[in-house]
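Summary of structural features
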Amino acid sequence: IKLKQSISKKYIRVNEGDNLFTLSNELPQYKESFVIKSINAYDNSITFLNGLKLYAGEVNGQLEEKHLRRIQIRETIRTHIQKEKELFKKDIKVLSLFFIDEVAKYRVYDENKNILKGEYELIFEEEYKKLVESERTLFDEKYFDYIDKFDVSDIHKGYFSIDKKGRPLSKENEIANDVSAYDLIMKEKEKLLDFKEATRFIFSHSALKEGWDNPNVFQICTLKEGTKSEIRRRQEIGRGLRICVNQDGERVYGFDTNT
């Protein structure tokens, strides 16, 4: 939206007939018939009077990659929270998986081997905090009591392939492996799916190589260049394409629950 001396990005809810030119305080980028003709929930698309049709996750015009990744992270968190609110009542823990192209985008180490937060980790924590507050309602008090127990730094972990010496495999081969996160994600599925365990978001560089999967992964976000291989796309989706389980480890069937 256009401010007096700058432009600010803002999340808004729109309806058919709304004019983005008007809603943005007349930003020239929206001048050419950016009136919403239809919103299609079946294929997750929006169509404008100028003929442009966009699907969820798509953008139009020039956009910096960093901002695109922020949008992807934000929308993954948003859908995670919405699904989590629903399934918390059914005793089902929701997980989300991010595929990244560089380990250093999530976590880096300085020259003294101190852990520093990478670009995606910083974006995730910023967006999570904002979204939790925007989604907070009186109707989900028990749910928010549950997620408020954990610090934002504890709800996400990174899992990266390790070599025989226990070090992570990366282009630079300089990032140390977090053994506790590796064990939790790869070896302790029951613990990971317990509400007492804080981890709900996983960043991975190599889940496909290790053949990892989890029945309660409901959102998968690819923070890298589009996957060209049809087989690889199916493999990525397969990391979470399972019938979910509840806190007793029982499969919970039903289309509404597993979509």
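Residues numbered from 1 in each chain as written. Predicted model: local features only at pLDDT ≥ 70, side-chain atom pairs only at ≥ 80, totals over all residues. Heavy atoms only, no water.

What about the overall build of the chain?
Where we set the bar: Runs of H or I in DSSP of at least four residues are treated as helices and runs of E of at least two as strands, each being numbered from the N terminus. Throughout this description, buried means an accessible area under 20% of the type-specific maximum (1.4 Å probe, protein chains only), exposed means over 50%, and partly exposed covers the range between. The contact definition used throughout considers only heavy atoms, calling two residues in contact when any of these lie within 4.5 Å. Note on areas: Shrake-Rupley with a 1.4 Å probe; residue coverage comes only from the protein chains shown.
Helix and strand content of the chain: eight helices and nine strands. Here the chain holds 259 residues, and the buried ones make up 42% of them. Of the contacts formed within the chain by residues at least 6 apart in sequence, a portion of 60% connects residues at least 24 apart. Accessible area for the chain stands at about 15600 Å²; split by element, carbon and sulfur atoms hold 49% of it.

Things to note about the side chain of Lys 105
Looking at the element boundaries, Lys 105 is found in the loop between strand E4 (95-100) and strand E5 (107-109). Given the relative accessible area of 18%, Lys 105 is considered buried. Lys 105 has contacts with Gly 118, Glu 119, Tyr 120 and Glu 121, leaving out every residue within four places of it along the chain.

Notes on the side chain of Lys 85
Mapped onto the fold, Lys 85 is located in helix H2 (residues 65-88). Apart from the residues lying within four places of it in its own chain, the contact partners of Lys 85 are Glu 135, Thr 137, Asp 140, Tyr 143 and Phe 144.

Let's talk about the packing of H2 against helix H3 (residues 119-135)
Selection criterion: Only the contacting stretch of a helix is used when fitting its axis, a line to C-alpha atoms as for every element, and angles between N-to-C directions run 0 to 180 degrees. Roughly parallel means an angle under 35 degrees; roughly antiparallel means over 145; roughly perpendicular covers 65 to 115; every other angle is labelled oblique. In this scheme the crossing of two helices becomes right-handed for a clockwise turn of the near helix relative to the far one and left-handed for an anticlockwise turn of less than a right angle. Side-chain classes are defined by residue name, with Ala, Val, Leu, Ile, Met, Phe, Trp, Tyr, Cys and Pro counting as nonpolar, Asp, Glu, Lys and Arg as charged, and the others, Gly among them, as polar.
Following both chains from N to C, one finds H2 and H3 inclined at 45 degrees, their axes separated by 9 Å at the closest point. Comparing the axis directions of H2 and H3 gives the class oblique. As H2 runs across H3, the sense of the crossing is right-handed. Listed contacts from H3 to Lys 66, Arg 69, Arg 70, Ile 73, Arg 74, Ile 77, Arg 78, Ile 81, Gln 82 and Lys 85 of H2 are Glu 119, Tyr 120, Ile 123, Phe 124, Glu 126, Glu 127, Tyr 128, Leu 131, Val 132 and Glu 135. Residue composition of the contact of H2 with H3, grouped by class: nine nonpolar, one polar and ten charged.

Quick look at H3
Quick reminder of the rule: A helix is expected to span 1.5 Å multiplied by its residue count minus one.
The terminal C-alpha atoms of H3 lie 24 Å apart, and with 17 residues this matches the ideal 24 Å at 1.5 Å per residue to within 8%. Buried within H3 are the following residues: Tyr 120, Glu 121, Ile 123, Phe 124, Glu 125, Glu 127, Tyr 128, Leu 131, Val 132 and Glu 135.

Here's the deal with the sheet that holds E4
Counted only if it meets this: Two strands pair under a simple rule: DSSP has to find at least two bridges between them.
Spatial ordering of the open sheet is given by E7-E8-E4-E9, a layout of four strands whose pairing is parallel. In this open sheet, the two edge strands, each paired with only one partner strand, are strand E7 (156-159) and strand E9 (217-223). Pairwise comparison of adjacent strand axes, ignoring direction, gives a mean angle of 20 degrees for this sheet. Pairing between E4 and strand E8 (residues 201-204): four bridges, direction parallel. What sits directly across from Ser 96, in E8, is Phe 201. Along the sheet, H2 makes contact with E4, E8 and E9, crossing E9 at roughly 180 degrees.

Concerning a nonpolar patch on the surface
How we decide: Patches here are clusters of residues that have more than 30% relative accessible area and form no salt bridge, with a 9 Å joining cutoff for like charges and a 5 Å cutoff for nonpolar side chains (Val, Leu, Ile, Met, Phe, Trp, Tyr). For this analysis, a salt bridge means a side-chain nitrogen from Lys or Arg found within 4 Å of a carboxyl oxygen belonging to Asp or Glu.
A contiguous nonpolar patch, built from Ile 220, Ile 237 and Leu 241 and spanning about 280 Å² of accessible area, is present on the exposed surface. Within the secondary structure, Ile 220 is located in strand E9. The class for Ile 220 is partly exposed, based on a relative accessible area of 31%.

Details of the confidence of the model for the chain
Which entries qualify depends on this criterion: Confidence of the predictor at the level of single residues is given by pLDDT, which spans 0 to 100.
On average, the chain scores 83 in pLDDT, and the residues at 70 or more come to 84%. Per-element averaging of pLDDT across the chain places helix H7 (residues 207-210) at the bottom with 60 and strand E1 (residues 36-40) at the top with 96. Scored below 50 in pLDDT, residues 162-177 shows 30 contacts in the model against residues more than four places distant or in partner chains.

Thoughts on the nonpolar core
Let me state the cut-off plainly: For the purposes of this section, nonpolar cores are sets of buried Ala, Val, Leu, Ile, Met, Phe, Trp, Tyr and Cys residues that join through side-chain atoms within 4.5 Å.
Ile 73, Ile 77, Phe 98, Phe 124, Tyr 128, Phe 203 and Leu 223 are the most contacted members of the largest nonpolar core, which totals 27 residues. Only H2, E4, H3, helix H4 (141-147), E8 and E9 provide two or more residues apiece to this core. Counting residues per element, this core draws most heavily on H3, at six residues. Those residues in contact with Ile 73 that lie beyond four places of it in its chain are Phe 98, Tyr 120, Ile 123, Phe 124 and Leu 223. Judged by nonpolar contacts, the second largest core, of twelve residues, contains Leu 97, Phe 99, Leu 192 and Trp 212.

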